Amino acid sequence: MHELSVARNIIEIVEQNVPKGELSCVREVMLKVGEFSGVVADSLKFSYEIITADTELQNSELKIEAVPFRLRCNSCGGITTNSCGLRECADCLKTDTEVLSGEELKITEIILEDKS
Amino acid sequence: MSIITVERKVLAKNDAIAMDNRDKLTGKGIFTINIVSSPGSGKTSLVERTIEKIGSRVAISVIEGDVQTDLDAKRVSAYNVPVVQIITNGGCHLEANLVKDALGSIDLAKTEMLIIENVGNLVCPAGYDLGEDLKVVVISVTEGDDKPLKYPKMFMNSKALVINKIDLLPYVNCKIDELKSNALKINPELKIFETSCTSGEGIDKWCSFVTGSIKKYPV
Ligand SMILES: Nc1nc2c(ncn2[C@@H]2O[C@H](COP(=O)(O)OP(=O)(O)OP(=O)(O)O)[C@@H](O)[C@H]2O)c(=O)[nH]1
Ligand SMILES: [Mg+2]
Ligand SMILES: [Zn+2]
């Protein structure tokens with residue numbers, strides 16, 4: 001369950017990027033999570049919820065955009081998307097391919113409600 | 001409503017500390033290995049066989065990562081090499097800052113190769129760079145030939161694969177060619193070794209690969 005450690009890192013980044021006094025205004029933290037980032041989206045959301053309970057971030061939640069695993073073939077140039085992590089080009093079956101996406105684990109945006 | 005654009009890797013802090021570790025270690029000419037596997041695949045046994053084989057030529061230090069107990073550190077220290085134990089207290093993987101702290105207890109000037117045994121877990125350690133030169137995943141033939149397909153992330157992120165317990169091949173339903181081809185489907189660049197830490201088979205090849213990776217000891 002390394003999602004707990006990942007959630008702690010997210011909170012730290014949120015705290016570094018939101019101006020002091022506005023943490024309680026955070027509503028959504030936008031993430032890009034690759035299919036092979038090694039993180040399970042539901043466990044991550046759950047961990048975040050547990051750690052932020054009774055803190056200034058208690059009204060915020062993670063919004064996760066799942067990023068598919070995509071390859072470009074160095075041989076035929078074809079683009080392959082698969083959900084099993086195989087490095088094989090779907091067109092020519094060669095494995096000389098480059099990973100384009102699917103391994104990322106990034107925070108992209110933090111969305112705050114205006115202070116009332 | 002306002003939006004703050006961040007665009008930051010979630011594990012950026014770990015990555016930065018890992019880079020510091022790497023600079024420090026490579027700066028001292030130390031070759032660092034991070035061994036990962038499921039519990040019981042043979043990480044500690046591989047460390048023991050490696051020390052037995054090359055420990056008299058290469059100054060090896062070891063960091064042992066475990067959830068509980070210093071049993072592995074005790075096993076390895078019987079081979080008269082410096083060992084530092086990290087106990088994660090439930091943590092399912094090592095992180096770069098734990099290794100950074102452990103480096104403080106190692107005499108780096110007297111180390112040529114650092115071996116880090118990660119916590120036994122085929123999932124969680126994959127995303128955490130520790131600052132190593134070589135991440136090696138160990139799998140034993142008793143685990144079955146489908147593991148690279150079921151735990152692809154670990155095989156994607158490793159540079160070498162050690163298939164261990166090959167002495168047990170006659171007794172288990174594991175096709176080693178299938179295992180290798182599955183691993184290469186996930187990571188075509190993997191260097192693959194076959195070993196038995198019990199009989200010693202294959203340890204020579206593994207050891208000449210790692211010593212060859214230290215610039216001072218050409219094979
Ligand atoms: N038959 C056989 N047994 C082995 C081999 N390598 C290791 N073992 C046995 O497998 C068991 C686990 O080996 P360890 O080296 O402790 O495995 P580990 O990966 O360090 O285990 P954890 O640190 O607990 O995750 C021990 O009983 C070893 O003696 C091998 O090549 N063949
Ligand atoms: Mg061990
Ligand atoms: Zn192709």
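Residues numbered from 1 in each chain as written. Chains lettered and ligands numbered in written order. Predicted model: local features only at pLDDT ≥ 70, side-chain atom pairs only at ≥ 80, totals over all residues. Heavy atoms only, no water.

> Account for the interface of chain B and chain A, with residues named and values stated.
Each partner contributes to the interface: chain B provides 27 residues, whereas chain A provides 33 residues. Where chain B abuts chain A, roughly 2,700 Å² becomes buried across the two surfaces, and 57% of that area is made up of carbon and sulfur atoms. Taken as a group, B:Ile4, B:Arg8 and B:Val10 account for 24% of the area that chain B buries against chain A, more than any other trio of residues on that side. Applying the counting criterion to the chain B and chain A interface returns 3 salt bridges. Note that B:Glu189 and A:Arg87 form a salt bridge whose closest N and O atoms lie 3.4 Å from each other. Run the count over chain B and chain A and you get 16 residue pairs in polar contact (both at pLDDT 80 or more). Only β1 (2-9), α6 (152-156) and α7 (176-186) of chain B provide two or more residues apiece to the side of chain B that touches chain A. In terms of residue count, the dominant contributor to the side of chain B that touches chain A is β1(B) (8 residues). Residue composition of the side of chain B that touches chain A, grouped by class: 15 nonpolar, 4 polar and 8 charged. (Contact = heavy atoms within 4.5 Å. Buried area = accessible area lost by both parts, 1.4 Å probe. Salt bridge = Lys/Arg side-chain N within 4 Å of Asp/Glu carboxyl O. Polar contact = N/O pair within 3.5 Å; in protein donor to acceptor, adjacent residues only side chain to side chain. Helix = DSSP H or I, 4+ residues; strand = E, 2+ residues; numbered from the N terminus. Nonpolar A, V, L, I, M, F, W, Y, C, P; charged D, E, K, R; others polar.)

> For helix α2 (residues 41-52) of chain A, give the residues involved together with the corresponding values.
Residues and elements named next belong to chain A. For α2, spanning 12 residues, the distance from its first C-alpha to its last is 16 Å, which sits close to the expected 16 Å at 1.5 Å a residue. Listed as buried for α2 are Leu44, Ser47, Tyr48 and Thr52. Buried residues of α2 fall within an arc of 115° about the axis and therefore sit on the same side. Exposed residues on α2 whose side chains face more than 90 degrees from its buried face are Asp42 and Glu49. Contact partners of the buried residues in α2: α1 (3-17), β1 (26-34) and β2 (61-67). Asp54 sits one or two positions beyond α2 and adopts a positive phi of about 60°. (Expected span 1.5 Å × (residues − 1). Buried < 20%, exposed > 50% of the residue type's maximum accessible area, 1.4 Å probe, protein only. Arc of directions from axis to C-beta.)

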